[in-house]
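Descriptive analysis of the structure
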Amino acid sequence: MTPATPPPSRDGPKTQRGDTVGTVNHARRPRVGHIAFLNCMPIYWGLARTGALLEFDLRRGAPDELSRLLVEGGLDIGPITLVEYLRHRDDLLLIPDPAVAADGPVLSVNLVSKTPLADLPAEPRVSLASFSRTGVLLGRMLLEERYGRRPAYQVTPPDPETALAGADAAVLIGDEALRVHHDPRGRHVLDLAAAWKDWTGLPMVFAVWAVRRDYAEAHPGLVKDVHLAFRESVRLSREEIGAVVASAARWEPFAPAALAEYFDRLQFGLSERHLAGLREFASRAVRYTEVKDLSPEGPEFFDSEV
Ligand SMILES: C=C(O[C@@H]1C=C(C(=O)O)C=C[C@H]1O)C(=O)O
């Protein structure tokens, strides 16, 4: 007599020893970008502190690469340089925070030149750091509209030596630009966020966090969790800024006081004034590149209240 097949278990298949294997969990972590620049350290530091980091599939990269991945669907949520957000906003929703912004000097988005700005020729050769989309467009606006130059541009690797080798000036961003700010070696440094503030009276927003619309529709709860985890992370980093500075100073070529000043200059949220700066930038950017102007009510946000 053959033994009767046991009825299927409600808890999933049994092994020969009789223990439950369980149902396979097909959920996948949200794929979240992380700009590999010092300016993002306070945004991500608290995620490690609270453990939220383990809930994300985190991808580190340069800002141009992460922006491209988010637009193409290789990431679900993450930082995107403002210009690329403006180009692709039909496919994206803005997360209210974090952001990378400054109301005045930012220290790390600079026009670096061999002569003082006033001595730049009428048609200077200007290098644009390959990583950057927003800083380099800001540099172009200022050079052309505020300082009356007609530059010839070339895109170059983002380090100052290469960028300045065959050029009168270069727009640099991130850690390389911060390094030049602290150690100019005879070069002249114009802080482009400070120049934007002098020009428009407004803060400058360099990067925003956005979620793909299709992902937000399918997983609103996860997006809310990610948003709130970032918010808590920035709050913790501000509260424990001494520890953030100490941990950055272990590995980075900057003194603790320089790091503290940098993290203090950087702003990680979008107030009404930041949104006014963002709209102002968008309305000027249409003259240079394929972006859509924002309506007075724009940008369109992901709603974390639901
Ligand atoms: C303030 C900065 O903002 C960055 C500037 C970017 C750009 O120019 O495209 C992109 C991401 C931001 O993190 C910086 O890198 O120094």
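Per an unreviewed UniProt entry, the protein chain is named Chorismate dehydratase, and its organism is Glycomyces terrestris. According to the UniProt record, the Pathway (unreviewed entry) comment for the protein chain reads "Quinol/quinone metabolism; menaquinone biosynthesis." Turning to the protein chain, the UniProt annotation filed under Catalytic activity (unreviewed entry) states: "chorismate = 3-[(1-carboxyvinyl)-oxy]benzoate + H2O".

For any two helices packed against each other, the geometry comes down to the angle between their axes and how far apart the axes lie. In the contact formed by helix α4 (residues 134-146) and helix α7 (residues 192-200), the axes pass within 10 Å of each other and the chain directions differ by 50°. It follows that α4 is oblique to α7 by the angle criterion. Here the hand of the crossing between α4 and α7 comes out left-handed. Note on element contacts: α7 touches α4 through Leu192, Ala193, Ala195, Trp196, Asp198 and Trp199, opposite Gly135, Leu138, Gly139, Met141, Leu142, Glu145 and Arg146. When the residues that make up the contact of α4 with α7 are grouped by side-chain class, the tally is eight nonpolar, two polar and three charged.

Turning next to the site of the ligand. In the region of the ligand, 18 residues are neighbours, and Thr81, Ser108, Ser132, Arg133 and Gly135 sit closest. Within the side chain of Asn39, an N or O atom sits 3.1 Å from an oxygen atom of the ligand. The contact in question runs from an oxygen atom of the ligand to an N or O atom on the backbone of Gly174, over 3.1 Å. In isolation the ligand exposes 380 Å². Once the protein is present, 100% of that is buried. For the shell around the ligand, the secondary structure elements donating two or more residues are α4 and β10 (204-212). Looking at the shell around the ligand, its residues break down into 10 nonpolar, seven polar and one charged.

Per the stated rule, a full pass over the model turns up eight aromatic pairs. Ring geometry for Tyr44 against Trp209: centres 6.5 Å apart, planes inclined by 45°, an arrangement best described as tilted. Of this pair, Tyr44 sits in helix α1 (residues 41-50) while Trp209 sits in strand β10, and the two are 165 residues apart along the sequence. You can call Trp209 buried: its relative accessible area is 1%. A ring pair is formed by Tyr44 and Phe230, whose centres lie 5.3 Å apart and whose planes are at 85°; its orientation type is edge-to-face.

Moving on to the sheet that holds strand β7 (residues 152-156). Within the open sheet, the five strands sit side by side as β7-β6-β8-β5-β9. Their pairing is mixed. Pairing within the sheet leaves two strands with one partner each, and these edge strands are β7 and β9 (188-191). Taken over all neighbouring pairs, the strand axes of this sheet differ in orientation by 25° on average, direction set aside. Alignment of strand β5 (residues 109-113) against strand β8 (residues 169-173), held across five bridges, turns out to be antiparallel. If you follow Asn110 over to β8, its bridge partner there is Leu172. Those strands touched by helix α6 (residues 174-182) are β5, β8 and β9, and its axis lies near 120° from that of β8.

Before going further, it helps to spend a moment on the domain arrangement of the protein chain. Domains assigned within the protein chain are domain 1 (31-101 + 204-285) and domain 2 (109-200). Each partner contributes to the interface: domain 1 provides 24 residues, whereas domain 2 provides 21 residues. Taken over both partners, the interface formed by domain 1 and domain 2 buries close to 2000 Å², and the fraction arising from carbon and sulfur atoms is 72%. Looking at the side of domain 1 facing domain 2, the largest losses of area belong to Phe206, Phe254 and Arg284, adding up to 29% of the total buried there. For Arg133, the salt bridge is made with Asp64, and the minimal N-O distance between the two is 4.0 Å. One can count five residue pairs in polar contact (both at pLDDT 80 or more) joining domain 1 with domain 2. Listing elements by their share of the side of domain 1 that touches domain 2, those giving two or more residues are α2 (63-72), α3 (82-87), β10, α11 (256-265) and α12 (272-285). For the side of domain 1 that touches domain 2, the element with the most residues is α12, which contributes six residues. Tallied by class, the residues present in the side of domain 1 that touches domain 2 amount to 15 nonpolar, two polar and seven charged.

What counts as what
Residues numbered from 1 in each chain as written. Predicted model: local features only at pLDDT ≥ 70, side-chain atom pairs only at ≥ 80, totals over all residues. Heavy atoms only, no water. UniProt positions renumbered as here; feature names shortened; annotations may be inferred. Axes fitted to C-alpha atoms, helices over the stretch in contact; angles between N-to-C directions. Helix = DSSP H or I, 4+ residues; strand = E, 2+ residues; numbered from the N terminus. Parallel < 35°, antiparallel > 145°, perpendicular 65-115°, else oblique. Left-handed = near helix turned anticlockwise from the far one by under 90°. Contact = heavy atoms within 4.5 Å. Nonpolar A, V, L, I, M, F, W, Y, C, P; charged D, E, K, R; others polar. Near = heavy atom within 4 Å. Polar contact = N/O pair within 3.5 Å; in protein donor to acceptor, adjacent residues only side chain to side chain. Areas by Shrake-Rupley, 256 points an atom, 1.4 Å probe, with all protein chains shown as cover. Phe/Tyr/Trp six-rings, centres within 6.5 Å; stacked < 30°, edge-to-face > 60°. Buried < 20%, exposed > 50% of the residue type's maximum accessible area, 1.4 Å probe, protein only. Pairing = 2+ DSSP bridges. Domains from an automatic or database assignment. Buried area = accessible area lost by both parts, 1.4 Å probe. Salt bridge = Lys/Arg side-chain N within 4 Å of Asp/Glu carboxyl O.

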